[in-house]
Amino acid sequence: MLNPTQAPAIADLYELYRRRVPRMFHDYCETGSYTTSTFIDNTAAFAKYKLRQRVARNIDNRSTASEMIGEKVAMPVALAPVGLTGMQHADGEILACRAAQKFGLPYILTTMSICSLEDVATNNDKPFWFQLYVMRDRGFSSDLVARAKAAKCSALVLTLDLQLLGQRHLDIKNGLSAPPKLTLANIANMMTKPRWGLGMLGTRRRTFGNIVGHVKGVDNMASLSEWTNSQFDPTLDWSSVEFIRKQWGGKLILKGINDVDDALIAASLGADAIVVSNHGGRQLDGAAATIDMLGPIVDAVGDKVEVYMDGGIRTGMDIFKALAMGAKGTLIGRAYVYGLGAAGEAGVSHALGILQKELSVTMGLCGEREIAGIGRHNLLMPPTPFTIPPPEKPAVAAKAAKPLKAAAKTAAKTRR
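Residues numbered from 1 in each chain as written. Predicted model: local features only at pLDDT ≥ 70, side-chain atom pairs only at ≥ 80, totals over all residues. Heavy atoms only, no water.

Focus: the overall build of the protein chain
- Check the secondary structure of the protein chain and you find 18 helices and 12 strands.
- For the protein chain, the spread of C-alpha atoms along the three principal axes comes to 60 × 60 × 40 Å.
- Expressed as a percentage of the 416 residues in the protein chain, the buried residues total 56%.
- If you sum the accessible surface of the protein chain, you get close to 17,700 Å²; carbon and sulfur atoms cover 56% of it.
- In the protein chain, 49 positive and 38 negative side-chain charges are present, and the distance between their average locations comes to 1 Å. (Helix = DSSP H or I, 4+ residues; strand = E, 2+ residues; numbered from the N terminus. Buried < 20%, exposed > 50% of the residue type's maximum accessible area, 1.4 Å probe, protein only. Areas by Shrake-Rupley, 256 points an atom, 1.4 Å probe, with all protein chains shown as cover. Lys, Arg positive; Asp, Glu negative; His and termini not counted. Charge placed at Lys NZ, Arg CZ, Asp CG, Glu CD.)

Set out below in structure tokens:
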């Protein structure tokens, strides 16, 4: 069998990951909602964007170094927030954060992590970013923001596209839970994954660390499941975003933007960056691939706010195409999870090395030496796949944003 640290491509790490991780956690990672059309299109859409091959240029001493929200990065990539990472490999969030920081990249810890904020902060010596889901229990959400401050997180990533859950059929069929339910089918499958099992036996972190012990009455799997399923907040609106921005007081990234009008409003709120994202195809089935929406959003707000992109990135060539379309950074999720499941921290490091090498080679063969030089001149653009409605008139966008301050004040009084 191929040694994970010798795998030449992310696709090879995926094959090792598939063999080593229990089916329910593999399926949790490797699927989308409903028909999975958006999950599939996120990756497939990159093929439409062809690269311009350039020759006879000095491409020596290339550098993938860049910055994201003022932080120096070894390449314009952050490790995306991925739920249940600690079920892909024992202590997965701690190990992935460690690998990212050694490589020189931001790591984003999700609210729905297995290792808690405090676990990750204690076991890593540099600041990381924290991703917040706003819950109906706004007191809990406020506590999470305070805990992120105490953990010295350097940015808050507020996810906007999970006000309710898109159904993922495989999760229901597999009875997804953390820790996994000991059904006959699950036990039989886990017995074929001895490395994973030994790792899990050696850690105490097997459930949602940011929730258990921090929410009154949630102390077992039944109460945790009931609480979680009822907590995603459909009332989340732009006034809530404004309230959280003021409460946080630091660098704020808004994730889940996949529409020009939403990007205009997000930029008007003073966010430091937005992430063009459809939640990896796990929410609105039938939504546009993020690479297709990136260009129009960059054109609308790229001079006002840093624009990042996630969804479907599996190669350094994909990263290059996103940068060429105007992204100032990218987020990767599944690509690093494959490495984590295959070989822990070393697997994540190897996945990042693969992507950086592919990005550097692609830069050279396209005639670029620095990230700042990459642009649409490097692409042969596809025909527009669909007609995007024109942005709302500035007056309409201003009208949408105008009541935010008043609404935020009202919300603040209500929550006291």
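Remarks on the nonpolar core
- Residues Leu254, Ile274, Ile291, Leu294 and Ile297 are the most contacted members of the largest nonpolar core, which totals 131 residues.
- Top element by residues in this core is helix 16 (residues 334–365). It accounts for 13 residues. (Core = buried A, V, L, I, M, F, W, Y, C linked by side-chain atoms within 4.5 Å.)

Comments concerning helix 3 (residues 37–44)
- Buried residues of helix 3: Thr38, Phe39 and Asn42, and no others. Here the buried residues of helix 3 occupy an arc of 110 degrees about the axis, which is enough to place them on one side.
- Considering only its buried residues, helix 3 is in contact with helix 14 (290–301) and helix 16. (Arc of directions from axis to C-beta. Contact = heavy atoms within 4.5 Å.)

Considerations on the packing of helix 1 (residues 10–20) against helix 16
- Running from N to C, helix 1 and helix 16 cross one another at 175 degrees; their axes reach a closest spacing of 10 Å. Comparing their axes, helix 16 and helix 1 come out roughly antiparallel. Across from Ile10, Leu13, Tyr14, Leu16, Tyr17 and Arg20 in helix 1, the residues of helix 16 making contact are Ala335, Val337, Tyr338, Gly339, Gly341, Ala342, Gly347, His350, Ala351, Ile354 and Leu355.
- In terms of residue class, the contact of helix 1 with helix 16 is built from 12 nonpolar, four polar and one charged. (Axes fitted to C-alpha atoms, helices over the stretch in contact; angles between N-to-C directions. Parallel < 35°, antiparallel > 145°, perpendicular 65-115°, else oblique. Nonpolar A, V, L, I, M, F, W, Y, C, P; charged D, E, K, R; others polar.)

Focus on the pattern of salt bridges
- Scanning all chains against the criterion turns up 15 salt bridges.
- Of the charged contacts, one joins Asp299 and Arg376 as a salt bridge, the two residues approaching to 3.0 Å between their closest N and O atoms. One end of the pair, Asp299, is in helix 14; the other, Arg376, is in the loop between helix 16 and strand 12 (379–380), and 77 residues separate them in sequence.
- A relative accessible area of 31% means that Arg376 is categorised as partly exposed.
- Several salt bridges share partner residues, and in doing so they unite Asp91, Asp119, Arg204 and Arg205 into one network. (Salt bridge = Lys/Arg side-chain N within 4 Å of Asp/Glu carboxyl O.)

Focus: the layout of surface pockets
- In this structure, the largest pocket encloses a volume near 1,100 Å³.
- The wall of the largest pocket is formed by 46 residues, among which Tyr28, Arg168, Asp171, Leu176 and Arg282 lie closest to the centre.
- Secondary structure elements with two or more residues in the lining of the largest pocket: helix 2 (23–29), helix 8 (169–174), helix 11 (221–229), strand 11 (329–332) and helix 16.
- Ranked by residue count, the leading element in the lining of the largest pocket is helix 11, at five residues.
- Counted by class, the lining of the largest pocket contains 21 nonpolar, 17 polar and eight charged residues.
- Considering only enclosed or pocket space, the second largest pocket measures out at about 620 Å³ in volume.
- Looking at the lining of the second largest pocket, the elements that each hand over two or more residues are helix 12 (238–248), strand 8 (252–257) and helix 13 (260–268).
- Of all the elements, helix 13 adds the most residues to the lining of the second largest pocket, at three residues.
- Of the residues that constitute the lining of the second largest pocket, the class distribution is 16 nonpolar, seven polar and five charged. (1 Å grid on protein atoms, 1.4 Å probe; cavity = no way out; pocket = protein on both sides within 12 Å on 5 of 7 lines; lining within 4 Å. Points joined across faces, edges and corners; volume = space filled by probe spheres on them.)

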